[in-house]
Amino acid sequence: MKKINIEKILLWIVRAGLCASLVLPFIVSKQTLFPHIFGRALYFQILIEVLLPFWAALVWFWPQYRPKVTWSARLTRSPQALLNWSILAFFAALILSTLLGADSVRSFWGTQERMTGVFTLLHFGFFYFMLISVFRSQKDWLWFLRGLIVAGIIISSHIFIYFGLFKGNFLRGESASFWFGNKGLAGSFLLFFVFLTPVWWFYERMEKTKFIQRIIFLVFVLTEFIFLGAVITNATRAVWVGLFIAAILGLLILSFSFKNKTGKSKIYKGSFLTVVIVLMLFSALTVFGKLPTQLYQTFPLLNTARSIVTTLNADNTRIMSWTQGLRSLKSKHILFGYGPENYYIAHNKPFNIKVSQLRMYDVMLDFDKAHNQPLENLVDMGIIGFLAYMLIFVVVVWMSFKLPITNYQLPIILLFIAYFIHLLFTFDTPSSYWLFFISLGLVYYTMTLSDEPRIALVRGKLTRSFSSSRDIIGAILITVLIIIIPISLYFINFKSYKASNKTAIAQAAANASQPIETSFNFYYQALQEKSVFAFEIRTMMAMEVLENIKQYDPRTRDMLMYTAAELEKNSKNSYHSQLMLGTIYNLLSAADQRYYSQALEALMRAQALAPSRHQPYTELFSAYLGLNKFDDARQAVEKALEVGYEPKIAPQFLGLAFIYGQTGYLDQSLQYYQKALEIEPQNIKILGSIAALHKEMGNKEKARQAAEQILKIEPAMEGEVREFLEILE
C-alpha cells in the first residue's frame, strides 16, 4: 500500500491556497459597503485564516520550510534574515502603536472603507511568510507569476483596450475599471505590473531554445505595451511620477553599468544618457506649461501632467493636510503616533483657520488618509513605526545593490523605488499591499545564491514521532488553531459581511428617499450582528438619523435614544462621534433639559478634538441657548463664525439676532434680523422683532416703517400695530 506523504499534502494545500489569491483583483462584493475594498479584503482574510493551520503544521514539523531569521556576522551573507527581521520590526511597531494610540479599536480592525487595519495587515504578513516558505524555486515562482501576469493582463486590457482604444479615452485621462471603481486604486495596481512583467520574462526565457525565447520576447513586449497603455489611459499622476523617476534611475544605472571603454559600450552609455536628458527636458516643459498651447488642447493628457505641479502649492489641500499631520506630532505622540487608521484625529487636532476653509460642494473636507503613505505612517506610528517602515525599503534596495545585479533584479529595485515615490501622493489599499508583499517575496527569492531549491524536500515519511516535547507542543498549538479559526471565521468575517450587507441596504433605502424608520431598522439589524466594525456602522446610522431629524418629535424619541446609546460606545477621541452625540442630546433636551449637561460634555470634547471646525461651536451655541446662558452662547457662536460658520437659512440668522439682542449687542442683532428678512420678506414676526429693536435703540422712524410694513402684509393685525405706534409716540 502506498504511503501517504503528509508533507506533500500540506505543501500542496498551502501552494494552492496562495494561488487562490490570484483572483483577489476580481472580487467585487456588490452586496456590501465599499464593494471594491471590503469584499476583497474579506476574501483575503478568510483565505489566509483557512491556510494558517496547514502552514503552521508544515513549518513546525518540517524545519526546512521555516523562513530564515538567523544571520551571520556579515549582513550581506544573510540578506533574507535581514529582510524578514525588517518586516517583523514593522509589524511589531504597528502593534505597539495600536496599543498606545488614540483609538485602538479603529486601529486594529480598520474601517470597511479602507480595510487597512492591523488585523488585515497581519494577514498580509502571514501571506508573505507563506510565500517564502513554500515557493522555494524558480519553477514555483514562475507558475505563480504566470497567473499573476494573466490577472494583470485582463484588468489592463479592460482599461487600455476597452476604455482607452474602443471608447476613445486614450490620451484623454479618463478611464474606469469595473474591478476597481476608482482610477487611483487601479493606478497603484497597474504600477507593479510594469516591473513584474520583465521579471516574469527573465524567468520564463531561461533554459529555452532561441526560437521559444523569441516567442516569449514578443509576448513580453505585447504584455508590457498593454500595461503601459493602461497606465497612460488610467492617468493616475502619482503613478506617472513614480514611473518617471524609476525610469530615469534605471537608465542611469544601465549607463554606468558599462565599465569597459569599448566603442559599443560608449555608444550604449551615450544613448542612455541622451534619453535621460530628453525625458527630463520634455517633462519639465510639460509640467511647467511651456509647451505650445495647441498641444495641451489636442492632448488633454498633457494637462493632467501639467497639474502635477499644483501639489507644490502651499495652499493645496493635501499639502495643508500634511502640515496638519506634522503639527500634531507633539511629545505625547512623537514616538508611537496616534495609532494606525487614526490620521483623521491628527489632521483635526491643531487649530488652523485654513482647515475650516477646505470645502467641496459646500461641505467641509476631512482627511482620514494623508494621501502620503510615508507621512501617514510617521503620524500614525510615530518615529519608531516610521523608521521600521522605511527600513523595509532600505533593506530591499541596499541589499539588492550589494548582491550581484542580475537581469531580473534591476526591475525589482526600480519597482520599489517607483512604488515608494508614488506613495508620496497616495495611500495603500488591500490590492496594493497584496502586490507589495508578493514583491517582497520575490526579493527574498532573488537574494538566494542559487536558482535551485534551497533545501531538499524530506520525502517518504508517513508519520512523525511525537515523542519529543517540541512535537507535542506543536500538536497542541495547531489543535488550538483548528479550534480558533472557525470561531474567527464566524464572528469576525461572516458577521462582518452580514453587518455590512444590512448597512448597505440601509443606505440604499435612504438614497431611495424611504422613511427614516426603514433605513434605521436595517442599521439596527446590522448592529445586532455585533460586528467588529460596529463603531463605523454606529457613525453611519447617526449621520442618517441627524440628516432626517432636525427637531425633537416624541415619535422619534426612541430612535434618538438608541442612537445616542450606541454612540456612547464609540471612542471618546472621535470628534465626529462626540459631535453627533452632542447634537442628539441637544434634540432630546427639548423634552428633558437634563440632557443639556450631556450635550455640553460631548460637545466640549468634540471642540477640543477639532478646534478648527465650526460644528461643535454651533451645537454648543444651541446647548447654551437652551440653558439661557446667553453670554456663553454668544461666545460659542462667535467662535463658530470665526472658523467658517456661514448661516444660510432664516432660523439660523434669527438665532444669531436673538443671542446678540439678549447680550446687549443691538447693532449685530439688527444686522442678522435684516438678513433673515431678506430671505423671508413677508415674515411679520421678523418685522415685529425689527420694529421692537428699532424702538429699543431709539430709532422711532424706522420702527414706525417696520410696523407699517406689517400692516401692509397682514391687515388683520391693525389693532396690534396701532397700539405699538401709540406706545412709540
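That block above? That's the structure.
Residues numbered from 1 in each chain as written. Predicted model: local features only at pLDDT ≥ 70, side-chain atom pairs only at ≥ 80, totals over all residues. Heavy atoms only, no water.

J.: Looking at this structure, how should I read the overall build of the protein?
T.: Helix and strand counts for the protein stand at 30 helices and two strands. Its C-alpha atoms give the protein principal-axis dimensions of about 110 × 70 × 50 Å. For the protein, the accessible surface area stands at approximately 33700 Å², while carbon and sulfur atoms represent 63% of it. Averaging the locations of the 69 positively and 49 negatively charged side chains of the protein gives two centres separated by 19 Å. (Helix = DSSP H or I, 4+ residues; strand = E, 2+ residues; numbered from the N terminus. Areas by Shrake-Rupley, 256 points an atom, 1.4 Å probe, with all protein chains shown as cover. Lys, Arg positive; Asp, Glu negative; His and termini not counted. Charge placed at Lys NZ, Arg CZ, Asp CG, Glu CD.)

J.: Mind showing me how you'd approach a nonpolar patch on the surface here?
T.: Together, Ile472, Ile476, Val480, Ile483, Ile484, Ile487, Tyr490, Phe491 and Phe494 make up an exposed nonpolar region whose accessible area comes to about 830 Å². Its location among the elements puts Phe491 in helix α18 (residues 469-511). Residue classification places Phe491 among the partly exposed positions, given a relative accessible area of 46%. (Patch = residues over 30% accessible without salt bridge, like charges linked within 9 Å, V, L, I, M, F, W, Y side chains within 5 Å. Salt bridge = Lys/Arg side-chain N within 4 Å of Asp/Glu carboxyl O. Buried < 20%, exposed > 50% of the residue type's maximum accessible area, 1.4 Å probe, protein only.)

J.: Sorry, what's going on with the packing of helix α7 (residues 183-204) against helix α16 (residues 409-423) here?
T.: Running from N to C, α7 and α16 cross one another at 175 degrees; their axes reach a closest spacing of 9 Å. The orientation of α7 with respect to α16, classified from their angle, is roughly antiparallel. Note on element contacts: α16 touches α7 through Pro411, Ile412, Leu414, Leu415, Ala418, Tyr419 and His422, opposite Ser188, Leu191, Phe192, Phe195, Leu196, Pro198, Val199 and Phe202. For the contact of α7 with α16, the per-class residue count stands at 13 nonpolar, two polar and no charged. (Axes fitted to C-alpha atoms, helices over the stretch in contact; angles between N-to-C directions. Parallel < 35°, antiparallel > 145°, perpendicular 65-115°, else oblique. Contact = heavy atoms within 4.5 Å. Nonpolar A, V, L, I, M, F, W, Y, C, P; charged D, E, K, R; others polar.)

J.: Explain helix α8 (residues 210-234) here, please?
T.: Every α-helical turn comprises 3.6 residues, leaving residues that sit three or four positions apart pointing alike. Its 25 residues place the ends of α8 36 Å apart at the C-alpha level, agreeing with the 36 Å of an ideal helix rising 1.5 Å per residue. Positioned one or two residues after α8, Ala235 has a phi angle of 60 degrees, which is positive. (Expected span 1.5 Å × (residues − 1).)

J.: Just to check I follow, could you spell out helix α29 (residues 700-713) for this structure?
T.: Taking 1.5 Å per residue, 14 residues should reach 20 Å; α29 reaches 20 Å between its end C-alpha atoms and fits that length. Taken residue by residue, α29 has Ala703, Arg704, Ala706, Ala707, Ile710 and Leu711 as its buried positions. Buried residues of α29, viewed axially, fall in a sector of 165 degrees; they line one side. (Arc of directions from axis to C-beta.)

J.: Before we go on, may I ask you to explain the environment of Gln674 in this structure?
T.: Its place among the elements puts Gln674 in helix α27 (residues 666-679). When its relative accessible area of 32% is taken as the criterion, Gln674 is described as partly exposed. Separated by 16 residues in the primary sequence, Gln674 and Ile690 have C-alpha atoms spaced 7.7 Å apart. Not counting residues within four places of it along the chain, the set of residues in contact with Gln674 comprises Ile690 and His694.

J.: Is there a simple way to explain the environment of Glu207 in this structure?
T.: Here Glu207 shows up in the loop between α7 and α8. The sequence separation of Glu207 and Thr298 amounts to 91 residues, and the corresponding C-alpha distance is 47 Å.

J.: Looking at this structure, I do not really get the side chain of Arg106. What am I missing?
T.: Here Arg106 is to be found in helix α4 (residues 104-109). One buried charged residue, Arg106, forms no salt bridge at all, with the nearest opposite charge on Asp368 at 4.5 Å. Aside from chain neighbours lying at most four places away, what touches Arg106 is Thr111, Pro340, Glu341, Asn342, Tyr344, Asp368 and Phe535.

Remember, this is a structural readout, not a statement about activity or role.
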